[in-house]
Amino acid sequence: MKCFVHQGADAVGTCRACNKGVCPACAKDLGHSICCSQGPCETKARTLDSQVAQSSVVLATQRRNRFLAPLFFIAAGALFIAFSGSGKGSWFSFGHAFGLGFIVFGIVLGIASHRYARELERKA
């Protein structure tokens, strides 16, 4: 592949922002990537690198917090069941059904979160 600007020079890589071939004279090293030294490509490439870094932080936080939502729903369901009065001789009330729904949803959400996190770890 040849440089986009200097057609006679071999490219050492592609610009992170515009994906055009760049030669050593045109390349600007950004640490994790290279970009064109001319035009708005450097700003765009730095923005892309920043977004990738932020995404990895969000992903790490999501992996760490994957148990919070399921635990919240299970605890809320238990509280609904505990504080729903038995009514007039009835052992199963709307509060019990609502609480049971929360618990089932929390369990399903926990299983789905665990599988999703395991899939992400497998791909990484």
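Keep in mind that this is a model prediction, so the values were computed, not measured.

Novice: Pulling in residues and values, what's your account of the overall build of the protein chain?
Specialist: Tallying secondary structure elements over the protein chain gives three helices and four strands in all. When the elements of the protein chain are put in sequence order from the N terminus, they spell out β-β-β-β-α-α-α. Here the protein chain has a C-alpha radius of gyration of 27 Å; the compact-globule value for 124 residues is 14 Å, and the former is much larger. Accessible surface computed for the protein chain: about 8,700 Å², of which carbon and sulfur atoms make up 65%. Across the protein chain, the mean location of the 14 positive side-chain charges is 12 Å away from that of the 6 negative side-chain charges.

Novice: Explain helix 1 (residues 41-64) to me, and be specific about the residues and the numbers.
Specialist: With 24 residues, helix 1 should cover 34 Å at 1.5 Å per step; its first-to-last C-alpha distance of 35 Å lies within 8% of that length. What helix 1 keeps buried is the set Cys41, Ala45 and Asp49. Elements in contact with the buried residues of helix 1: strand 4 (34-36).

Novice: Describe the nonpolar core, listing the residues and the values that go with them.
Specialist: In this structure, Cys3, Cys15, Ala17, Val22, Cys23, Cys26, Leu30, Cys35, Cys36, Cys41 and Ala45 together form the largest nonpolar core, which totals eleven residues. When residues of this core are traced back to their parent elements, those giving at least two are strand 4 and helix 1. With sequence-adjacent residues up to four places away left out, Leu30 is seen in contact with Cys35, Glu42, Ala45, Arg46 and Asp49.

Novice: How would you sum up the packing of helix 2 (residues 68-83) against helix 3 (residues 94-123)? Please name residues and give values.
Specialist: For the pair helix 2 and helix 3, interaxial distance at closest approach is 7 Å and the crossing angle is 165°. Between helix 2 and helix 3, the angle is such that the two are roughly antiparallel. The two elements helix 2 and helix 3 meet at a crossing, and its hand is left-handed. In contact with Ala69, Pro70, Phe73, Ile74, Ala76, Gly77, Ala78, Phe80 and Ile81 of helix 2, helix 3 contributes Gly95, His96, Phe98, Gly99, Leu100, Phe102, Ile103, Phe105, Gly106, Ile107, Leu109 and Gly110. Taken together, the residues of the contact of helix 2 with helix 3 sort by class into 15 nonpolar, six polar and no charged.

Novice: Run through the state of the cysteines, naming residues and quoting values.
Specialist: Each disulfide consists of one covalent bond between the sulfur atoms belonging to two cysteines. For the coordinates displayed, the defined rule picks out zero disulfides. Its sulfur unpaired, Cys18 is 3.5 Å from the next cysteine sulfur, which belongs to Cys15. For the unlinked cysteine Cys23, the closest cysteine sulfur is that of Cys3, found at 3.6 Å. According to the relative accessible area criterion, Cys23 is buried, its value standing at 3%.

Novice: Summarise the pattern of salt bridges; cite the residues concerned and give the values.
Specialist: Enumeration over the complete set of coordinates arrives at five salt bridges. In this structure, Lys2 engages Asp10 in a salt bridge whose closest nitrogen and oxygen atoms are separated by 2.8 Å. Note that Glu42 and Arg46 form a salt bridge whose closest N and O atoms lie 3.1 Å from each other. Here Glu42 and its partner Arg46 are both found in helix 1, four residues apart, which amounts to about one turn of the helix. Judged by relative accessible area, which is 23%, Glu42 ranks as partly exposed. Note on Arg46: relative accessible area 43%, which makes it partly exposed. In this structure, a network of salt bridges that share partners links the residues Lys28, Glu42 and Arg46.

Here is what the cut-offs are and how they apply
Residues numbered from 1 in each chain as written. Predicted model: local features only at pLDDT ≥ 70, side-chain atom pairs only at ≥ 80, totals over all residues. Heavy atoms only, no water. Helix = DSSP H or I, 4+ residues; strand = E, 2+ residues; numbered from the N terminus. Rg over C-alpha atoms; globule rule 2.2 N^0.38 Å. Areas by Shrake-Rupley, 256 points an atom, 1.4 Å probe, with all protein chains shown as cover. Lys, Arg positive; Asp, Glu negative; His and termini not counted. Charge placed at Lys NZ, Arg CZ, Asp CG, Glu CD. Expected span 1.5 Å × (residues − 1). Buried < 20%, exposed > 50% of the residue type's maximum accessible area, 1.4 Å probe, protein only. Contact = heavy atoms within 4.5 Å. Core = buried A, V, L, I, M, F, W, Y, C linked by side-chain atoms within 4.5 Å. Axes fitted to C-alpha atoms, helices over the stretch in contact; angles between N-to-C directions. Parallel < 35°, antiparallel > 145°, perpendicular 65-115°, else oblique. Left-handed = near helix turned anticlockwise from the far one by under 90°. Nonpolar A, V, L, I, M, F, W, Y, C, P; charged D, E, K, R; others polar. Disulfide = S-S within 2.5 Å. Salt bridge = Lys/Arg side-chain N within 4 Å of Asp/Glu carboxyl O.

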